[in-house]
Amino acid sequence: MIIAILSGFIAAALIPLLSKIIKGKGSILLPFLPLSLFVYFASYLPKIGKGEKLNFVYEWVPSFGINLSFHLDGLSMLFALLITGIGTLVFFYTYSYLKGHVYLDRFYGYLSMFMASMLGLVLSDNIITLFIFWELTSISSFFLIGFNNDDPKSRKSALLALSITGMGGLFLLAGMLLLGTAGGSYSFQELLANGSLIQEHASYGWIILLVFLGAFTKSAQFPFHFWLPGAMKAPTPVSTYLHSATMVKAGIYILARFTPLLGGTTEWNTTLIIVGAVTMVYAAIHSIFRMDMKSILAYSTISALGILVFLIGLGTEESLLAAGVFILVHALYKATLFLITGIVDHETSTRDVTVLGGLRKVMMPVAIAAGLAALSNAGAPPFFGFIGKDLIYEATLHFGDWAYLLTGAAILTNICLLFAGLLAGYKPFVGNLPAEFSKVHLPHPTMWVPPLILAALGLIFGLFPVLIEKNLIQPVFSSLTNNDTVIHLKLWHGFNVVLGLSMLTLTLGVLLYWKLKPSEALFGKTLKFELFSPQTIALLFGRLFSGFAKFWTGFFQNGYLRNYVITILGFLTILLGYRLYQGVNFYVDTAKLTELTIYEVIVVLIMIVSIIFTVFSRSRLVAVASLGVIGYSICLIFLFYSAPDLAMTQFSIDTLTVILFVLVIYNLPKYKTFSKRRIRVRDGILSLFFGTLIAILTLEVLAEPLNRETSIFYAESAYILAKGKNVVNVILVDFRGLDTIVEITVLVIAAIGVFSLLKLRLKSIEKE
Amino acid sequence: MKTIIFKTASTYLLPLLVLFSVFILLRGHYLPGGGFVGGLIASIAFVIHSFANGLEQTKSLIKFHPGFLMPIGLCIALLSGAAPLLVGQSFMTGLWFEDPLPVIGMVGSALFFDTGVYLVVIGVTLTIIFTISETL
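Residues numbered from 1 in each chain as written. Chains lettered and ligands numbered in written order. Predicted model: local features only at pLDDT ≥ 70, side-chain atom pairs only at ≥ 80, totals over all residues.

A.B. asks: When you look at the overall build of chain B in this model, what are you seeing that I'm missing?
C.D. replies: Scanning chain B from N- to C-terminus turns up five helices and zero strands. When the 136 residues of chain B are sorted by exposure, 43% land in the buried category. Considering only contacts within chain B whose residues lie at least 6 apart along the sequence, 69% involve residues at least 24 apart. (Helix = DSSP H or I, 4+ residues; strand = E, 2+ residues; numbered from the N terminus. Buried ≥ 20, exposed ≤ 12 C-beta atoms within 10 Å, placed from the backbone. Contact = placed C-beta atoms within 7 Å.)

Here you go:
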């Protein structure tokens, strides 16, 4: 199992090495990776169908409770099959779509990486690894959206998508950590076992809020939906794979996965219903005014995601079943439509539905696939989409007091979606073929076969729902609801309200299609509302934020060493002062003090005199020299108190420091202007405060009872264990030798830094 | 600062100070001293020489860029730490020769380690000081 999940990463790592082969004919081999994975997962179908749940555990960081544990149940199975199945088709499709592209190898690398992360996401049992895979999907999606990296728009969209989904990811991480703390485990299975504990936990509200933010950003729910249309800048295989079939459903997956654990409360259901309903209606209405096939599909995808969130929010058994079925329905028809858009774009170089028409005459198989997908999307019998829509209406109709409102919203959405589907899947292929497209021809079979397969599945599953009912949908239903009620998918339910509503939707949608013709003028009208759209507001916040960041950085990172020192000292003074204000426990135990000797008095006097010299001297050299004197006096004090090693080192260091100072200062001009009196007084006061506080702190430390355990250990074991009598040195080279290695490495890095900085400047002067 | 007295003195001081620094390095395990201080003293010796005779003189005396001492020293320190791995002990275990060598005394992996520190310190200090005095 772990090999199955990681194979995508392994492939992604190997691809750069084989780039020559992949750019040539070899790329036709790559789709067999997802295909074999698909077969692998499908081989578990009978087991899953029997209601079994499979666990695979590999230890990773056991000390933090993070294991690579994978769990395969109905929901994971549905997603794994979608990921690998649609993945296979997309891999094949890419073979022709990007044939001869310079970065084809890179593209396949990103795609494999994405597939692996997505598989990891849906199979993870541990919620921390789930988060890691979640982030990996965001990152690989960033690369895929920005694949045309010489187009500034595409780079911008990639960044927007990454920042929105990445932000959501952070919320999700916080949510997962809270959840882990509340439930006492990071394993989903274990959490599920004490679900009621979490629902009654004090941080339950926070947990669901954070999970929602993560899921809504990923699944493009209102008001975070705006990254998705932008992400459509990516090559079409990416739009198909990530932005309709799999990645955007990761948020749905999370919500569905956590429904048995967190769902069923008023907060959970109400939020999801409201957000889902707003998203589905808002995006559906948006989709009907677009002219670009990809934009139409992008908005209808957002709307479909809204429907899914809405269904999960309803939380009844019927609605969860509808959600499970609709995930599959949507993936089948939407992926088809995207692939077809890619073909149309590839062959005619336009995606404008107002220009396109009559393409059936030149590419019949594509037209068939598009027609089938549009019908499944429309929910026309006997397509799989019909079953899906029936289930949705059934779910809304049986939802108590709000049934009429919710059903109304669902009908409105479905009408718009039907319209959008016809616009993208029907309009480009009917009517007269414009003259400029008469030379258009059918692409390579690897491009038109995948959408045909998907579209055909939409029809087959509709005609024979029994094919997937027991092995796939039933397990999905069980893992969503956590119970084993037997379900039945049927095409024909007899004459009832639901059928009536379906027919009403169909009629109104088709009517709308005849009446409303998308055009520049209509599209222009919708743009007027852009001013209030979440995107504008979010970007405004972004600008404010970066403005604030600029101010903040400019204020603190001003490049003057003295200001940095003042900031650091000032902050420390305030902090220490506050701490000492809270209560100091310092007294000087005169009995413990040794007697004052004449040497000490002299040394201290020398220090005081040098300090006065340092502060008041008008020459830099004098100041530096007197600083050196202070250093040497400190060495003497070390000597008096029997720390010869310290004294020696301090002595050499001080000598070198003075030499360095002199070297630098020797080359500086004489003091031209002194700093203002006011500033000097300020610095003086700050230094006095800081010095006093440090002195108080030192005295307070003295008052603490001394723990000599460590020093006694070193003193006793230095000779026995390390054959040395100089304890300081033994500690340096033996007991804490590893620290010393790291320290000398740091020294070397510093020296290299000085060297390269100064030498670099030399060169730029030379250039001038 | 190029007085005759300083110049003459520095010619004698350089070998003496370097010798002293080695002495400090070797005695480190039993008496105050060690690689760090030793390295600092050795670099002071070279810095004094460069003050008296000019940087070019000192550089031609050393023959190679002092920066090369840094990787050499790091490698010695690391190898002395890794040596115990060869005889199946854990990283940085102290290993000692049975008998003391004449003049040097007991020799163990700690001494090599300290020598590494010594070389790194010389390399770092001289690189920084030479670079700064060259640039300014």
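A.B. asks: Which parts of the structure should I look at to understand the UniProt feature "transmembrane region" (unreviewed entry) in chain B?
C.D. replies: In the numbering used here, UniProt assigns the feature "transmembrane region" (unreviewed entry) to residues 12-30, 36-55, 67-87 and 107-132 of chain B. Taken as a whole, residues 67-87 of chain B contains 86% helix and 0% strand, while its terminal C-alpha atoms sit 32 Å from one another. (UniProt positions renumbered as here; feature names shortened; annotations may be inferred.)

A.B. asks: What is the right way to look at the packing of helix α17 (residues 317-348) of chain A against helix α19 (residues 384-397) of chain A in this model?
C.D. replies: Two numbers describe a pair of packed helices, the interaxial angle and the distance between the axes. Residues and elements named next belong to chain A. At their nearest, the axes of α17 and α19 sit 8 Å apart, and the two run at 150° to each other. Taken together, the axes of α17 and α19 lie roughly antiparallel to each other. As for the relative orientation of α17 and α19, their crossing is left-handed in sense. On the side of α17, the interface is formed by E318, S319, L321, A322, V325, F326, V329, L332 and Y333, while α19 contributes F384, G385, I387, G388, L391, I392, E394 and A395. Considering only residue class, the contact of α17 with α19 consists of 12 nonpolar, three polar and two charged. (Axes fitted to C-alpha atoms, helices over the stretch in contact; angles between N-to-C directions. Parallel < 35°, antiparallel > 145°, perpendicular 65-115°, else oblique. Left-handed = near helix turned anticlockwise from the far one by under 90°. Nonpolar A, V, L, I, M, F, W, Y, C, P; charged D, E, K, R; others polar.)

A.B. asks: Which parts of the structure should I look at to understand the environment of A:T265?
C.D. replies: Within the secondary structure, A:T265 is located in the loop between α14 (249-262) and α15 (266-287). Distance from A:T265 to A:G313, taken between C-alpha atoms, is 9.9 Å for residues 48 residues apart in sequence.

A.B. asks: How should I be thinking about the confidence of the model for chain A in this particular structure?
C.D. replies: Should the pLDDT be low somewhere, the predicted coordinates at that spot are not to be read in detail. Chain-level statistics for chain A give a pLDDT mean of 82 and a share of 93% at 70 or above. Summarising per-element confidence for chain A, the mean pLDDT is lowest in helix α24 (residues 520-527) of chain A (67) and highest in helix α27 (residues 598-616) of chain A (90). (pLDDT = per-residue confidence, 0-100.)

A.B. asks: Looking at this model, I keep getting lost on the environment of B:T135. Mind explaining?
C.D. replies: Note that B:T135 resides in helix α5 (residues 109-135). When the C-alpha atoms of B:T135 and B:F91 are compared, they prove to be 41 Å apart, with 44 residues separating the residues in sequence.

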